[in-house]
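Close look at the chain arrangement
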Amino acid sequence: MADIPYFFFDQDFFQRNRDWGMPYRNQVDPLLRPFSAGNPDLLIQSAKSSQSLMDDAKKVVDMIASSKPFSTRLMSAAQESKTAAVTDMIKKTGIKNEPDIKYNPDGIRFDFYPKKGEINCHVIISLKWSNL
């Protein structure tokens, strides 16, 4: 057993890193972690899809920010776990993409996804009403 080393290592890896003048553990060898090929068309499509989501998120946030009665009713309905009332209030803001709505005693979260089956973007708005 004494003739077998405790662990195997790549001497070339350690040599390359020593030649760079930095400790090997702080270096990332580009040959070890190649990036996947990016698709600019998908990025453009994601950006376009997110524009309508951002418009809907802005409508919801503007309504909450500009109307204290609306905000109070929304907060009360959420705290009383009246899911249908919360969903109905958010739909009436004039949005096109209905968000997934989650709430707890501290605040509310809106997760906007595109209507299409493609999920290439996602907008999250998280708002607090309690400092607990």
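This text goes with the structure placed above it.
Structural notes, computed from the coordinates.

The rules we used
- Residues numbered from 1 in each chain as written.
- Predicted model: local features only at pLDDT ≥ 70, side-chain atom pairs only at ≥ 80, totals over all residues.
- Heavy atoms only, no water.
- Helix = DSSP H or I, 4+ residues; strand = E, 2+ residues; numbered from the N terminus.
- Buried < 20%, exposed > 50% of the residue type's maximum accessible area, 1.4 Å probe, protein only.
- Areas by Shrake-Rupley, 256 points an atom, 1.4 Å probe, with all protein chains shown as cover.
- Expected span 1.5 Å × (residues − 1).
- Contact = heavy atoms within 4.5 Å.
- Polar contact = N/O pair within 3.5 Å; in protein donor to acceptor, adjacent residues only side chain to side chain.
- Pairing = 2+ DSSP bridges.
- Salt bridge = Lys/Arg side-chain N within 4 Å of Asp/Glu carboxyl O.

Re the overall build of the protein
Scanning the protein for helices and strands turns up four helices and three strands. Ordered by position from the N terminus, the helices and strands of the protein form the series α-α-α-α-β-β-β. When each of the 132 residues of the protein is scored for burial, the buried share is 27%. Here the protein has roughly 10200 Å² of accessible surface; of this, 57% comes from carbon and sulfur atoms.

Digging into helix H2 (residues 40-66)
In this model H2 runs 38 Å from its N-terminal to its C-terminal C-alpha over 27 residues, within 8% of the 39 Å that 1.5 Å per residue would give. Those residues of H2 that fall on the buried side of the exposure criterion are Ser 46, Ser 49, Leu 53, Asp 56, Ala 57, Val 60 and Ile 64. For H2, the secondary structure elements touched by its buried residues are helix H3 (68-79), helix H4 (83-91), strand S2 (107-112) and strand S3 (123-128). Between a side-chain oxygen at the N-terminus of H2 and the backbone nitrogen of Asp 41 the separation is 3.0 Å; the capping residue is Asn 39.

Comments concerning the pairing of strand S1 (residues 100-104)
Across five bridges, the pairing between S1 and S2 is antiparallel. Within S2, the residue paired with Ile 101 across the bridge is Phe 110. Taken together, S1 and the strand that follows it, S2, pair antiparallel across an intervening segment of two residues.

Structural notes on the pattern of salt bridges
Applying the stated rule across the entire model yields six salt bridges. The residue Arg 109 makes a salt bridge to Asp 111 at a minimum N-O spacing of 2.7 Å. For Arg 109, a relative accessible area of 31% translates into the label partly exposed. Connected through salt bridges with shared partners, the residues Lys 102, Arg 109 and Asp 111 form a single ionic network.

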